[in-house]
Amino acid sequence: MKKDNRIFEILISNRQIKKGIKKTAKWLNKEYEGKTPVIIGILKGCIPFIGQISTLLNFDFELDFMSASSFKGGTKGSNDIQISLDLKTNIKGKDVIILEDIIDTARTLKKIIELLKNRNPSSIRLVTLLDKKEGRKVELDADYSCFTIPNKFIVGFGLDYKEIMRNYNFIGCLKPEYIEKERSNNL
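Residues numbered from 1 in each chain as written. Predicted model: local features only at pLDDT ≥ 70, side-chain atom pairs only at ≥ 80, totals over all residues. Heavy atoms only, no water.

*Asks:* So, the overall build of the chain: which residues are in play, and what are the values?
*Replies:* Helix and strand content of the chain: four helices and nine strands. Traced from its N-terminal end to its C-terminal end, the chain shows the element sequence β-α-β-α-β-β-β-α-β-β-β-β-α. Expressed as a percentage of the 187 residues in the chain, the buried residues total 47%. Excluding contacts between residues fewer than 6 apart, the proportion of contacts in the chain whose partners are at least 24 apart in sequence is 68%. Within the structure as shown, the chain displays about 10,100 Å² of accessible surface, and the carbon and sulfur contribution to it stands at 48%. (Helix = DSSP H or I, 4+ residues; strand = E, 2+ residues; numbered from the N terminus. Buried < 20%, exposed > 50% of the residue type's maximum accessible area, 1.4 Å probe, protein only. Contact = heavy atoms within 4.5 Å. Areas by Shrake-Rupley, 256 points an atom, 1.4 Å probe, with all protein chains shown as cover.)

Below, the structure is given as structure tokens:
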């Protein structure tokens, strides 16, 4: 991928991402050996993560998706959480694994988990590619995280800025001046 002048730092390289995903798959294979859980991806950011990890899993699983967000394509989250796509799979009595790209404020995930618990699964586990603990607004911990990251605005490998930059094969930090320039252009 060509150099992008909007990125000031590559936080996690593609090689590191692949290594982290392999390690996560190894953990999941141990935890779910002989079981058939339902894997739930939270759209849209989860797509690269699920795409890579699913080929490394040694157990059968059902796959479904939800779409929920507190971000409106920019850099700031809101308290208004919307679920625009719900599961088609009945999870009652089943083990559930939520695969998420990032836990930041955790507001969205907490709402999703509460919603899923009301559907009476056997268990719910949260597995995330990135954990931004400094960004938390509500208490929530992942059962497994590939990487813990600092409180920076990041893009790539499924993470976006205004619906673009998801396609990078690395995770990079967006230049603050680019975000500020966009904000001032929208005023």
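Read on for the rest.
*Asks:* Describe the pattern of salt bridges, listing the residues and the values that go with them.
*Replies:* Per the counting criterion, the structure on display carries 11 salt bridges. Measuring nitrogen to oxygen at the nearest pair gives 2.9 Å for the salt bridge that ties R166 to E163. Each of K44, D160, E163 and R166 takes part in one network of salt bridges that share partners. (Salt bridge = Lys/Arg side-chain N within 4 Å of Asp/Glu carboxyl O.)

*Asks:* I'd like to hear about the packing of aromatic side chains, residue by residue, with values.
*Replies:* Here the structure, examined in full by the defined rule, presents six aromatic pairs. Ring plane angle 70 degrees and centroid distance 6.1 Å describe the contact between F59 and F61, whose orientation is recorded as edge-to-face. You can call F61 partly exposed: its relative accessible area is 27%. For the pair Y161 and Y178, a centre-to-centre distance of 5.7 Å together with 65 degrees between the ring planes defines the contact as edge-to-face. One end of the pair, Y161, is in the loop between strand 8 (154–155) and strand 9 (171–174); the other, Y178, is in helix 4 (residues 176–185), with 17 residues separating them in the sequence. (Phe/Tyr/Trp six-rings, centres within 6.5 Å; stacked < 30°, edge-to-face > 60°.)

*Asks:* Quick rundown of unusual backbone geometry? Include the residues and the values.
*Replies:* The amide bond that connects L43 to the next residue, K44, takes the cis arrangement and shows omega of 5 degrees. Tracing the chain through its elements places K44 in the loop between strand 2 (38–43) and helix 2 (47–53). Positioned with a positive phi, E163 is a non-glycine residue whose angle comes to about 70 degrees. Mapped onto the secondary structure, E163 falls in the loop between strand 8 and strand 9. Classification of E163 as partly exposed rests on a relative accessible area of 41%.

By themselves these figures say nothing about function.
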